[in-house]
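# Structural overview
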Amino acid sequence: MILIVGGLGAGKRDFARRELGVREEELSPVLGPGTQVLYDLHALDPLPDLEELMGLRAVICNEVGCGLVPIRLCCQLAERAEAVYRISCGLAIRLK
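Before going into details, it helps to say that this report is about the structure given with it.

Cut-offs used in this document
Residues numbered from 1 in each chain as written. Predicted model: local features only at pLDDT ≥ 70, side-chain atom pairs only at ≥ 80, totals over all residues. Heavy atoms only, no water. Buried < 20%, exposed > 50% of the residue type's maximum accessible area, 1.4 Å probe, protein only. Helix = DSSP H or I, 4+ residues; strand = E, 2+ residues; numbered from the N terminus. Pairing = 2+ DSSP bridges. Contact = heavy atoms within 4.5 Å. Axes fitted to C-alpha atoms, helices over the stretch in contact; angles between N-to-C directions. Core = buried A, V, L, I, M, F, W, Y, C linked by side-chain atoms within 4.5 Å. Phe/Tyr/Trp six-rings, centres within 6.5 Å; stacked < 30°, edge-to-face > 60°. Lys NZ or Arg CZ within 6 Å of the ring centre and 35° of its normal. Salt bridge = Lys/Arg side-chain N within 4 Å of Asp/Glu carboxyl O.

### Some thoughts on the pairing of strand β4 (residues 58–62)
Within β4, five of the five residues are buried, leaving the element largely enclosed by the surrounding structure. Across the two faces of β4 the burial is the same, with Ala58, Ile60 and Asn62 and Val59 and Cys61 all buried. Taken together, the five bridges between strand β1 (residues 2–6) and β4 define a ladder with parallel strand orientation. Counted as the bridge partner of Gly6 is Asn62 from β4. Looking at chain direction, strand β3 (residues 37–38) and β4 are connected through two bridges and run parallel. The partner of Val37 across the bridge, within β4, is Ala58.

### Comments concerning the sheet that holds strand β6 (residues 91–94)
Pairing within the open sheet is mixed, and its six strands lie in the order β2-β3-β4-β1-β5-β6. Each end of this open sheet is capped by a strand with a single partner; those strands are β2 (27–28) and β6. Set on the sheet, helix α1 (residues 12–20) makes contact with β1, β2, β4, β5 (83–88) and β6; between it and β1 the angle comes to about 140°.

### A short note on the nonpolar core
If you look at the biggest cluster of nonpolar residues, it comprises 16 residues, and the most contacted ones within it are Met1, Leu3, Leu41, Leu53, Val59, Leu73 and Leu77. Broken down by secondary-structure element, the contributors of at least two residues to this core are β1, α2 (50–54), β4 and α3 (68–80). If we skip the residues at most four places from it in the chain, Leu3 touches Val59, Cys74, Leu77, Ala78, Ala81, Ala83, Val84 and Tyr85.

### Topic: the packing of aromatic side chains
In total, this model carries one aromatic pair according to the counting rule given. Judged by centre distance (4.8 Å) and plane angle (50°), the rings of Phe15 and Tyr85 are tilted. Taken together, the residues Phe15 in helix α1 and Tyr85 in strand β5 connect sequence positions 70 residues apart. Overall, Tyr85 belongs to the buried group, its relative accessible area being 14%. A cation over an aromatic ring shows up here: Arg13 above the ring of Tyr39, its NZ or CZ 4.1 Å from the ring centre.

### So, the pattern of salt bridges
Where charged atoms from two side chains of opposite charge come close, those side chains can pair. Considering all chains together, one arrives at seven salt bridges under this definition. With a closest N to O distance of 3.2 Å, Arg18 and Glu19 form a salt bridge. For Arg18, a relative accessible area of 48% gives the class partly exposed. With a shortest N-O distance of 3.1 Å, Arg57 and Glu26 are connected by a salt bridge. Separated by 31 residues along the polypeptide, Arg57 in the loop between α2 and β4 and Glu26 in the loop between α1 and β2 bring together distant segments of the chain. Residue class for Glu26 comes out buried when judged on its relative accessible area of 7%. Because the salt bridges share partners, they merge into one network encompassing Asp14, Arg17 and Glu24.

Here it is as structure tokens:
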């Protein structure tokens, strides 16, 4: 699983399509059967379990400065992800 984080409108989904080869039909804001790339993780309520997310190709999440649960989940994802990217102004920085 690849974790992609960044601010609102920073270009996270564009990065996933351009650099990771994610197709538009693979992107979903809902976690369900057939979901390969989940975006807007921070907006899900309730948040999914870590193990559910680890089975995905990629997870995209807005950086959230408040709320311990979303940030803790992102920290756990980052720890276990094969790669972590932070997107800012459309540019990617590989953190892991």
